[in-house]
Amino acid sequence: MNRMIVRRIASNRRGLRVVGRKSFCNDAAAEQSSSQASNDKHDTENTVWQHDIAIVGGGMVGMALACSLDTITESSSALLPNHKDLWILLLLPIKVQCAMPRSLISMFWHKPSDFHMPAASTPLTKHLTVAIIDSNPTLGKEECFKKDDPPDPRVSTVTPATISFFKDIGAWEYVQQHRHAYFDKMQVWDYTGLGYTRYNARDVDKEVLGCVVENKVLHRSLLSCIQGTDSQKIIYPSRLTSMNLAPSLSSMRVDDTSSGPSMSTSGGLAKLELANGNSLYAKLVVGADGSKSRVRELAGFKTTGWKYSQNAIICTVEHQEDNYCAWQRFLPSGPIALLPIGDKFSNIVWTMNPKESLDRKSLSEDDFVNALNHALDSGYGPRPQSQSFGDGSIFSWLRANVTSSASECFEVPPKVVKLASERMVFPLSLMHANQYASRRVVLIGDAAHTVHPLAGQGVNLGFGDAAALSRTIAEGVKVGTDVGEVSLLKRYEADRKLANLTMMAILDGFQKAYSVDFGPLNVLRAAAFHGAQHISPLKKSIISFASGEHRLPLFS
């Protein structure tokens, strides 16, 4: 057992270990490792590994949680024992200790500031052992991104709040070294030509409204962040098949890699069975395995939601000039978004009914490009007039502290000249888990909620979940609470449910409001565009809410 623990500690210095799979750059390295691989197989046979946390799903949100567990810090003014002199205090009779003045007792203790390493420099959760369960064969392997390759169509628009989160966990530096595109302006309008709204980061004294990044770059930034630490993370390249939240522990050999209570005193751990025959125990199972979550299913969490009668086509397109603005136009069948991705490339997210999506996907490249330009410019209806409501004087009584974008004219999006990737089609739906947490189990990201992509908020909600859960776990560790205790996990649920449900309700409302072509409703939508364009407090609140600050888009 000691040999196993020493070998695990040595491997953890490299930050991440993959159980049951190794990749090598050459045959010599493979031969040199064969003996070690044989030992690994012998050690893992008939062994059930124990971890503090098992994250099921190694996607962006799951990896973000794993990273944040290495970086959460908490300054503490609590007294720490002075081990050099504390034995003197412990030898005194209890009655004598109780009678001693507090000032005298404090002589036997140190403040954190008395140590060379401040308390805040060591994350509270860094000692936790974490298993990452994912069947993706490329997870943990080196991946090289060629600068000349066109961007992948699978991208995310990350908010300023998400950017700050990535900076806090040390992952944003990697993103900055690869292709990404900040944007500080956004224009939204609809096909009727009755109104438009322009947003500018300067409206709320920010530098950017968001940043568009390829999903593979975001994912690799998180993986490299883990690999660059001495954290205790192990990847199990397999699929979860079953989960027992009250297993029998008799006759089981357990390699206890955790630092908390033993299995016999922790009230029963979750037992996870994997498709490759391996098993492991965990104090907390985190479902980060997407909208079809196996963890959610096995835990018996019910969901509420519905399918939209819409699909989304995503692809990468090319312009003759750089694009620094995010564009979104509402069409009769759904919105189309044009998002900058850098190097004269943009990402398309085009929502439409399922039949139309299949027809569009089967078009020739030239016909599809023509259809894109038609949808982004004057197709389906006229361009909005920049002063269709005069100078906005009807809103003058609400125009205190006028935003800089209120006077900006409508602009035509840059023309698409080339299709630069394959076209992918995805069905759209809304789903929300009725509960996020129970004893030993918690959900984050798409396992807990899925939303319409019209505002690009889905992954940002997931990153918000990861950050909140990491903070909650740190709070539990600080006071010695079992990380799988339901009362602790319910605090995370209460923290995130309101924020997620609010965003979901707003996005679903937009989807429904812009799915109907009806004269009076069109006028109301035009009034909403003009209100957001000219009413400064409303515009600022919308930007702040969409940026991740989670203030309701009401008058401030």
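Residues numbered from 1 in each chain as written. Predicted model: local features only at pLDDT ≥ 70, side-chain atom pairs only at ≥ 80, totals over all residues. Heavy atoms only, no water.

Caption draft 1: Broad picture of the overall build of the protein chain. Of regular secondary structure, the protein chain possesses 16 helices and 24 strands. Relative to its full complement of 556 residues, the protein chain shows a buried share of 51%. Summarising the internal contacts of the protein chain: among those between residues at least 6 apart in sequence, 80% fall at separations of at least 24. With the model as given, the accessible surface of the protein chain reaches about 25700 Å², and the carbon-plus-sulfur share is 55%. (Helix = DSSP H or I, 4+ residues; strand = E, 2+ residues; numbered from the N terminus. Buried < 20%, exposed > 50% of the residue type's maximum accessible area, 1.4 Å probe, protein only. Contact = heavy atoms within 4.5 Å. Areas by Shrake-Rupley, 256 points an atom, 1.4 Å probe, with all protein chains shown as cover.)

Caption draft 2: Broad picture of the environment of Val188. For Val188, the location among the structural elements is in strand 8 (residues 185-190). Under the relative-accessibility criterion, Val188 is labelled buried at 9%. Ignoring sequence-local partners within four residues, the contact set of Val188 consists of Tyr196, Thr197, Tyr199, Gln328, Phe330 and Phe529.

Caption draft 3: Main features of helix 7 (residues 160-168). All of the buried residues along helix 7 are Pro160, Thr162, Ile163, Phe165 and Phe166. Downstream of helix 7 by one or two residues, Gly170 has phi in the positive range, about 85°.

Caption draft 4: Structural detail: the packing of helix 13 (residues 458-478) against helix 14 (residues 486-513). Where helix 13 meets helix 14, the axes come as close as 9 Å, and the angle between the chain directions of the two elements is 160°. As summarised for this structure, helix 13 and helix 14 are arranged roughly antiparallel, according to the angle between their axes. In this structure, the crossing between helix 13 and helix 14 has a hand that is right-handed. Where helix 13 abuts helix 14, its residues Leu461, Gly464, Asp465, Ala468, Leu469, Arg471, Thr472, Glu475 and Gly476 lie against Leu488, Leu489, Arg491, Tyr492, Asp495, Arg496, Asn500 and Met503. A per-class count over the contact of helix 13 with helix 14 returns 7 nonpolar, 4 polar and 6 charged. (Axes fitted to C-alpha atoms, helices over the stretch in contact; angles between N-to-C directions. Parallel < 35°, antiparallel > 145°, perpendicular 65-115°, else oblique. Left-handed = near helix turned anticlockwise from the far one by under 90°. Nonpolar A, V, L, I, M, F, W, Y, C, P; charged D, E, K, R; others polar.)

Caption draft 5: Local environment of unusual backbone geometry. Of note in this structure, Tyr380 is not a glycine but carries a positive phi near 75°. As for its placement among the helices and strands, Tyr380 is situated in the loop between helix 12 (365-376) and strand 20 (418-419). One non-glycine residue, Arg440, lies in the positive phi region at around 75°. Checked against the element boundaries, Arg440 lands in the loop between strand 22 (437-438) and strand 23 (441-443). Accessibility expressed as a relative area gives 1% for Arg440, which makes it buried.

Caption draft 6: Layout of the sheet that holds strand 6 (residues 155-158). Taken in spatial order, the 3 strands line up as 6-10-7 in an open sheet, and their pairing is antiparallel. Edge positions in the open sheet fall to strand 6 and strand 7 (180-183), since each of these has one partner strand only. Adjacent strand axes in the sheet meet at a mean angle of 20° when their direction is disregarded. Two strands pair when backbone bridges link them, and strand 7 and strand 10 (residues 210-214) are joined in this way by 4 bridges, in the antiparallel orientation. Following the sheet pairing, Phe183 is matched in strand 10 by Gly210. (Pairing = 2+ DSSP bridges.)

Caption draft 7: Representation of the side chain of Lys271 in the model. When you line up the elements, Lys271 lands in strand 14 (residues 270-274). Side chain to side chain, Lys271 and Glu273 meet in a polar contact 3.2 Å long. (Polar contact = N/O pair within 3.5 Å; in protein donor to acceptor, adjacent residues only side chain to side chain.)

Caption draft 8: Region of the structure containing the packing of aromatic side chains. Under the criterion given, the structure shown has 9 aromatic pairs. Geometrically, the ring pair formed by Trp350 and Phe368 is tilted, given 6.1 Å between the ring centres and 45° between the ring planes. Of this pair, Trp350 sits in strand 19 (residues 345-352) while Phe368 sits in helix 12, and the two are 18 residues apart along the sequence. For Trp350, a relative accessible area of 0% corresponds to the buried category. Taking the centre distance of 6.2 Å and the plane angle of 45° together, the rings of Tyr436 and Tyr492 count as tilted. Of this pair, Tyr436 sits in the loop between strand 21 (424-433) and strand 22 while Tyr492 sits in helix 14, placing them 56 residues apart in sequence. Look at Tyr436 and you get buried, because its relative accessible area is 0%. (Phe/Tyr/Trp six-rings, centres within 6.5 Å; stacked < 30°, edge-to-face > 60°.)

Caption draft 9: Here's a closer look at the packing of helix 3 (residues 60-68) against helix 9 (residues 215-227). Two elements in contact, helix 3 and helix 9, have axes whose closest approach is 9 Å; the angle formed by their N-to-C orientations is 25°. The orientation of helix 3 with respect to helix 9, classified from their angle, is roughly parallel. Between helix 3 and helix 9 the crossing geometry is left-handed. Each of Met60, Met63, Ala64, Ala66 and Cys67 in helix 3 lies in contact with helix 9, whose residues at this interface are Asn215, Leu218, His219, Leu222, Leu223, Cys225 and Ile226. Here the contact of helix 3 with helix 9 is built from residues that sort into 10 nonpolar, 2 polar and no charged.

Caption draft 10: Seen up close, the pairing of strand 16 (residues 303-318). Bridge count between strand 16 and strand 21: 9 bridges; the pairing is antiparallel. Bridging across to strand 21, Thr304 finds its partner in His432. In this sheet, strand 19 lies alongside strand 16 in antiparallel orientation, the contact comprising 8 bridges. When the bridges of strand 19 are listed, Asn311 appears paired with Met352. Bridging between strand 16 and strand 20 involves 2 bridges; their strand directions are antiparallel. In the sheet register, Glu318 faces strand 20, and the bridge partner there is Lys418.

Caption draft 11: Representation of the environment of Thr303 in the model. Here Thr303 lies in strand 16. Residue classification places Thr303 among the partly exposed residues on the basis of a relative accessible area of 39%. Here the alpha-carbon distance between Thr303 and Ala448, two residues 145 residues apart in the chain, equals 8.5 Å. Among residues more than four places away in sequence, those in contact with Thr303 are Arg296, Met431, His432, Ala433 and Asn434.

Caption draft 12: Structural view of helix 13. In this model, helix 13 (21 residues) spans 31 Å end to end at C-alpha, consistent with the 30 Å of a helix rising 1.5 Å per residue. In terms of burial, helix 13 is largely enclosed, as 16 of its 21 residues are buried. Phi for Gly480, located one or two positions after helix 13, is positive at around 80°. (Expected span 1.5 Å × (residues − 1).)

Caption draft 13: Seen up close, the side chain of Ser421. Mapped onto the elements, Ser421 comes out in the loop between strand 20 and strand 21. Owing to a relative accessible area of 16%, Ser421 belongs among the buried residues under this scheme. Side-chain polar atoms of Ser421 contact the backbone nitrogen of Thr316, separated by 2.8 Å. Those residues in contact with Ser421 that lie beyond four places of it in its chain are Pro151, Pro153, Cys315 and Thr316.

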